[in-house]
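What follows is each chain in one-letter form.
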Amino acid sequence: MIFLVLNLNNIINQIISSLDFELYINSTIESIFMIFTSSFIAYLIGIPLGVVLFITGKDSISQNDFLYNILSIIVNIFRSIPFIILLILVMPFTKFVVHTVIGPSAVIPPLVISAAPYIARMVEQSLCEVDKGVIEAAKAMGASNFQIITKVLLVESKPSLLVGAAISITTILGYSAMAGAVGGGGLGDVAIRYGYHRYEQVTMFVTVILLLIMVQIIQYVFMKLAKKSDKRIIN
Amino acid sequence: MENNIIEIKNLKKIFFVAENQIVALDDINLQIEKGSIFGIIGLSGAGKSTLVRMMNYLEKPTCGEVLFEGMDLSKLTEKSLRELRKQIGMIFQNFNLLEQVNVIKNVMFPLEISHMKKEDRIERAKYLLKLVGLSDKEKAYPSQLSGGQKQRVAIARALATNPKVILCDEATSALDPKTTSQILELLKKINREMNVTIVIITHQMSVIESICDRVAIIDNSKIAEIGDVKDIFKNPKTEIGKKLIFGNYVENINELNLSSNGKKIRLAFDGTNSNEPIISKMVLSANSNCNILYANAKEIDGNVFGEMIIELPKDEESAEKMKEYLKKSNVTFWDV
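Residues numbered from 1 in each chain as written. Chains lettered and ligands numbered in written order. Predicted model: local features only at pLDDT ≥ 70, side-chain atom pairs only at ≥ 80, totals over all residues. Heavy atoms only, no water.

Asker: Got a sec to walk through the overall build of chain A? Specific residues and values, please.
Answerer: Helix and strand counts for chain A stand at eleven helices and zero strands. Taken from N to C terminus, the helices and strands of chain A fall in the order α-α-α-α-α-α-α-α-α-α-α. Computed over its C-alpha atoms, the radius of gyration of chain A comes to 22 Å, more than 25% above the 18 Å expected for a compact globule of 235 residues. Overall size of chain A, expressed as C-alpha extent along the three principal axes, is 80 × 50 × 25 Å. (Helix = DSSP H or I, 4+ residues; strand = E, 2+ residues; numbered from the N terminus. Rg over C-alpha atoms; globule rule 2.2 N^0.38 Å.)

Asker: Quick one: what's the story with helix H11 (residues 201-229) of chain A, residue by residue and with numbers?
Answerer: Residue and element names in this part refer to chain A. The end-to-end C-alpha distance of H11 is 42 Å, a good match for the 42 Å that 29 residues give at a rise of 1.5 Å each. Taken together, the buried positions of H11 are Thr203, Val206, Thr207, Leu211, Met214, Ile218, Phe222, Ala226 and Ser229. Looking at the buried positions of H11, the neighbouring elements they touch are helix H2 (21-56), helix H9 (158-178) and helix H10 (186-197). (Expected span 1.5 Å × (residues − 1). Buried < 20%, exposed > 50% of the residue type's maximum accessible area, 1.4 Å probe, protein only. Contact = heavy atoms within 4.5 Å.)

Asker: Account for the packing of aromatic side chains, naming residues and giving values.
Answerer: Residue and element names in this part refer to chain A. In the structure shown here, the tally under the stated rule is one aromatic pair over all chains. Measuring from centroid to centroid gives 4.8 Å for phenylalanine 83 and tyrosine 175, while their planes differ by 5 degrees, and the two rings are stacked. Pair noted here: phenylalanine 83 is in helix H4 (residues 83-89) and tyrosine 175 is in helix H9, with a separation of 92 residues, a long-range link. The class of tyrosine 175 is partly exposed, set by a relative accessible area of 21%. (Phe/Tyr/Trp six-rings, centres within 6.5 Å; stacked < 30°, edge-to-face > 60°.)

Asker: Got a sec to walk through the layout of surface pockets? Specific residues and values, please.
Answerer: What the largest pocket holds in volume is close to 880 Å³. Lining of the largest pocket is provided by 26 residues; of these, Asp59(A), Ser60(A), Ile61(A), Lys139(A) and Leu58(B) occupy positions nearest its centre. Put simply, the parts of the chain that give the lining of the largest pocket at least two residues each are H2, helix H6 (104-128) and helix H7 (132-140) of chain A together with helix H2 (78-85) of chain B. Ranked by the residues each element gives to the lining of the largest pocket, the list is headed by H7(A), at four residues. Within the lining of the largest pocket, the residues separate by chemical class into nine nonpolar, five polar and twelve charged. (1 Å grid on protein atoms, 1.4 Å probe; cavity = no way out; pocket = protein on both sides within 12 Å on 5 of 7 lines; lining within 4 Å. Points joined across faces, edges and corners; volume = space filled by probe spheres on them. Nonpolar A, V, L, I, M, F, W, Y, C, P; charged D, E, K, R; others polar.)

Asker: I'd like a description of the interface of chain B and chain A, backed by residues and values.
Answerer: The interface is formed by 24 residues belonging to chain B together with 23 residues belonging to chain A. When the two sides are added together, the surface that chain B and chain A hide from each other amounts to roughly 2100 Å², 61% of it contributed by carbon and sulfur. When the area that chain B buries against chain A is broken down by residue, the three leading residues are Gln100(B), Phe109(B) and Ile113(B), summing to 29%. Across the salt bridge formed by Arg53(B) and Glu136(A), the nearest N and O atoms sit 2.5 Å from each other. Inspection of the region where chain B meets chain A yields nine residue pairs in polar contact (both at pLDDT 80 or more). Here the element with the most residues in the side of chain B that touches chain A is helix H3 (residues 103-113) of chain B; it accounts for four residues. Residue composition of the side of chain B that touches chain A, by class: eleven nonpolar, six polar and seven charged. (Buried area = accessible area lost by both parts, 1.4 Å probe. Salt bridge = Lys/Arg side-chain N within 4 Å of Asp/Glu carboxyl O. Polar contact = N/O pair within 3.5 Å; in protein donor to acceptor, adjacent residues only side chain to side chain.)

Asker: How would you explain the state of the cysteines if you had to name every residue and give the values?
Answerer: Per the stated rule, a full pass over the model turns up zero disulfides over all chains. Distance from the sulfur of Cys212(B), which forms no disulfide, to the nearest cysteine sulfur (Cys168(B)) is 9.0 Å. (Disulfide = S-S within 2.5 Å.)

Asker: Tell me what's going on with helix H8 (residues 145-156) of chain A, and back it up with residues and numbers.
Answerer: Buried within H8(A) we find Gln147(A), Ile148(A), Ile149(A), Val152(A), Leu153(A) and Glu156(A). Elements in contact with the buried residues of H8(A): H2, H6, H7 and H9 of chain A together with H3 of chain B.

Asker: Describe the pattern of salt bridges, and please don't skip the residues or the numbers.
Answerer: All names here are of chain B. Applying the stated criterion across every chain yields a total of 18 salt bridges over all chains. Where glutamate 83 meets lysine 86, a salt bridge forms, and the shortest distance between an N and an O atom there is 3.2 Å. Overall, glutamate 83 belongs to the partly exposed group, its relative accessible area being 44%. Given the relative accessible area of 12%, lysine 86 is considered buried. Residue glutamate 138 is joined to lysine 139 by a salt bridge in which the shortest nitrogen-to-oxygen separation is 3.8 Å.

Asker: Report on the sheet that holds strand S6 (residues 88-92) of chain B, specifying residues and quantitative values.
Answerer: Sheets are built from strands that pair by backbone hydrogen bonding, the pairs being arranged parallel or antiparallel. Residues and elements named next belong to chain B. Taken in spatial order, the six strands of this open sheet run S6-S7-S8-S3-S9-S10, and their pairing is mixed. Two strands bound the open sheet, and with one partner strand each, they are S6 and strand S10 (222-228). Across the sheet, the mean angle separating the axes of adjacent strands is 15 degrees when strand polarity is ignored. Sheet topology places strand S3 (residues 37-42) next to strand S9 (residues 214-219); five bridges connect them, and they run parallel. If you follow isoleucine 40 over to S9, its bridge partner there is alanine 216. (Pairing = 2+ DSSP bridges. Axes fitted to C-alpha atoms, helices over the stretch in contact; angles between N-to-C directions.)

Right, here's the structure in full:
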């Protein structure tokens, strides 16, 4: 028994001394950079795309079956390609945009291409939750479609959009970890290079913990923001 | 002619659902006089909500015309239609307020759409909130308000752009009776003091009774009856009119049937002879008995309207005498 405790103590000491703090800090920063840059750009594309999907949808304010179906198919195509494949598929494009196909910057174009359609669907879904009666009231007041979008839809769906953001950013985090497979940098890269190729279980374990903490923080912050911004809840 | 703010001519609306055609409205003709309170009543599914949406062209008619101050709405471009809608306020059963913004911003919303300056918007919103009695709720969110308060906010919002007409789509249906009468009082006040024409859609006859000047009864997609509220109440001509005005009238008759099998008539009192003891005199004139099975009276605009169901005596001669007396006294009645 005493032997076991001593041994355990020994193992823990070994783990701590073997930890390369610089590696973890750098790769965490790389991960954060990838996740937030690509989320930001993906949202710049995803919000307008989601809005167009919503307004051209059936019985919406600017129904257009043709446009809706075209966009819907495009979104579905990009969503059905596995990220790891997309990563390789869009390499020429990545090279053209960021002039490299390795490192954290190189992961951003495929992350954006993959996340934007996903975010568009999340946004479309959030807008669907806006009370049709409120949209009708705005129409009755003489609001234009653009005013309905900016002053009704995006305002009324804010809490739901924030919940969607928590889910979308977490998904992007998951994708970004896959980027390690092509030397993309970040925590995923560390997990694959050290944990998988070199079979360093401790490194693998630590990166997983770090990723888990990041997911928890993202989830917590956005849910908190969503709840705080929702005026339907009486605090 | 020029007194009509809204005029509807030969209007028809067909909805296409999958392969089916559903006629929502057919052969609708009506005029709404400027400054009046016009009621549209019908059972649910009768097409009245569709009808009110034709008046601001939220729904476009399949054929027929909708005229606003003599102007055919089908001739307007999208842009001028939006401008026109600013002259027509609308309130709803579910209030339809923006849930994520506070009360004053809700009232300011139509003004923001019209690009009014911010200071002016605030000033106007404050004035309107005072008018509807909610000055102290400026910063509250809709979720913190009661149904009646929400509807007051909606009314303030509808008035923001100084509309000529306010359309009310079942505006009191989600409210309790006391709140309903307060909201109706407010609408009446707005109608009188600001000379805003009000169109009310409802399934509650009590709403029509308490504030409307004229009423159209919609049944099976068509106008069953249309006229002054007083006339319609005095003498509803259609089955649906009777059903709506005398509420549970039909059920009452069925219940009463169990206990009596004589000949029954229904009397309608229009308030012109409320000082006369009609029934006593009728009984005396025939020198026979009658049985009062049901009676109901309501006051509309200071006149007492009522109805009564009586069972006539079995002997034909006395029954005839009673009927003759009623005819002579100008009381409307018919067999039931």
